[in-house]
Amino acid sequence: AQSVTQPDIHITVSEGASLELRCNYSYGATPYLFWYVQSPGQGLQLLLKYFSGDTLVQGIKGFEAEFKRSQSSFNLRKPSVHWSDAAEYFCAVGAPATGRRALTFGSGTRLQVQP
Amino acid sequence: DVKVTQSSRYLVKRTGEKVFLECVQDMDHENMFWYRQDPGLGLRLIYFSYDVKMKEKGDIPEGYSVSREKKERFSLILESASTNQTSMYLCASTTDLSGANVLTFGAGSRLTVL
């Protein structure tokens, strides 16, 4: 069965600094990959997704992610973090070849932004 | 604008009570989901529904049931609430189950069972 690992439970960065959130997955084929963000008191919002093609994908709010097949990773990056980026970030995997029809989510990374 | 609405944002119930969590979507989506969100555990799938009256168990269905009598509405039922069901519950919907399904989420229902 597929699985998703987000190794960092909590990350703190200074405003204006760069950010990288890690996501590793376990799946035998190329999965569908997603990053969602949950701001305080809100539901999850899609940041970006990867299905195929160019391995560097752009999302909303200045975020990007890179699919690296050799490392089974889909790390999320932002060159300059804003205070409004403080939120919880979830990586998710879709793996239809397994017969599973719903996404599998990671445990999340909580981002704190220092002024 | 696309919407998934969870009618109760905060609920406090007592052990043994029957609890209904309601979710309504206005996007004519066939597929609806209930996830449970706990710190350090992320989102775990409880149940999903792929059509009216059709449902499938997720990863943690024990202690829960669901009802989908109309396409737009998906209810999560706790027959006899227990303290270990204190959690945030998230409803979501999508057009397809291809695995490439972009989910639209509601704002969540935070349940406390005393």
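Remember, it's a predicted structure, so these values are computed and weren't measured experimentally.

Participant: Give me the pairing of strand E7 (residues 65–70) of chain B: which residues, what numbers.
Facilitator: Looking at chain direction, E7 of chain B and strand E8 (residues 73–78) of chain B are connected through four bridges and run antiparallel. The partner of Lys70 of chain B across the bridge, within E8 of chain B, is Arg73 of chain B.

Participant: Break down the interface of chain B and chain A for me, with residues and values.
Facilitator: Residue-level contacts link 24 residues of chain B with 22 residues of chain A. Carbon and sulfur atoms make up 56% of the surface buried where chain B meets chain A, a total of about 1800 Å² over both sides. Taken together, the connections running from chain B to chain A amount to one salt bridge. Of the charged contacts, one joins Glu56 of chain B and Arg101 of chain A as a salt bridge, the two residues approaching to 2.5 Å between their closest N and O atoms. The interface formed by chain B and chain A holds five residue pairs in polar contact (both at pLDDT 80 or more) in total. Sorting the residues of the side of chain B that touches chain A by element identifies strand E4 (31–38) and strand E5 (42–51) of chain B as the ones contributing at least two each.

Participant: Account for the packing of aromatic side chains, with residues named and values stated.
Facilitator: What the rule picks out here adds up to 16 aromatic pairs over all chains. Taken together, a centroid distance of 6.3 Å and an interplanar angle of 25 degrees make the contact between Tyr25 of chain A and Phe67 of chain A stacked. One end of the pair, Tyr25 of chain A, is in strand E4 (residues 24–26); the other, Phe67 of chain A, is in strand E8 (residues 64–68), with 42 residues separating them in the sequence. Summarising the burial analysis for this pair, Tyr25 of chain A and Phe67 of chain A share the class buried. Look at Tyr36 of chain A and Phe105 of chain B: their rings are 5.6 Å apart centre to centre, the planes differ by 80 degrees, and that puts the pair in the edge-to-face class.

Participant: I'd love a proper account of the nonpolar core, names of residues and values included.
Facilitator: In this structure, Leu19, Trp35, Leu47, Leu48, Phe74, Leu76 and Tyr89 of chain A are the most contacted members of the largest nonpolar core, which totals 28 residues. Counting residues per element, the ones that place at least two in this core are strand E2 (10–14), strand E3 (19–21), strand E5 (32–38), strand E6 (44–50), E8, strand E9 (73–78), strand E10 (87–94) and strand E12 (109–114) of chain A. In contact with Leu76 of chain A, other than residues within four places in its own chain, are Leu19, Glu20, Leu21, Trp35, Leu47, Leu48, Phe63, Glu64, Ala65 and Tyr89 of chain A. Core analysis: the second largest hydrophobic core is formed by 21 residues, Ile46, Leu78, Leu111 and Val113 of chain B among them.

Conventions and cut-offs
- Residues numbered from 1 in each chain as written.
- Chains lettered and ligands numbered in written order.
- Predicted model: local features only at pLDDT ≥ 70, side-chain atom pairs only at ≥ 80, totals over all residues.
- Heavy atoms only, no water.
- Pairing = 2+ DSSP bridges.
- Helix = DSSP H or I, 4+ residues; strand = E, 2+ residues; numbered from the N terminus.
- Contact = heavy atoms within 4.5 Å.
- Buried area = accessible area lost by both parts, 1.4 Å probe.
- Salt bridge = Lys/Arg side-chain N within 4 Å of Asp/Glu carboxyl O.
- Polar contact = N/O pair within 3.5 Å; in protein donor to acceptor, adjacent residues only side chain to side chain.
- Phe/Tyr/Trp six-rings, centres within 6.5 Å; stacked < 30°, edge-to-face > 60°.
- Buried < 20%, exposed > 50% of the residue type's maximum accessible area, 1.4 Å probe, protein only.
- Core = buried A, V, L, I, M, F, W, Y, C linked by side-chain atoms within 4.5 Å.

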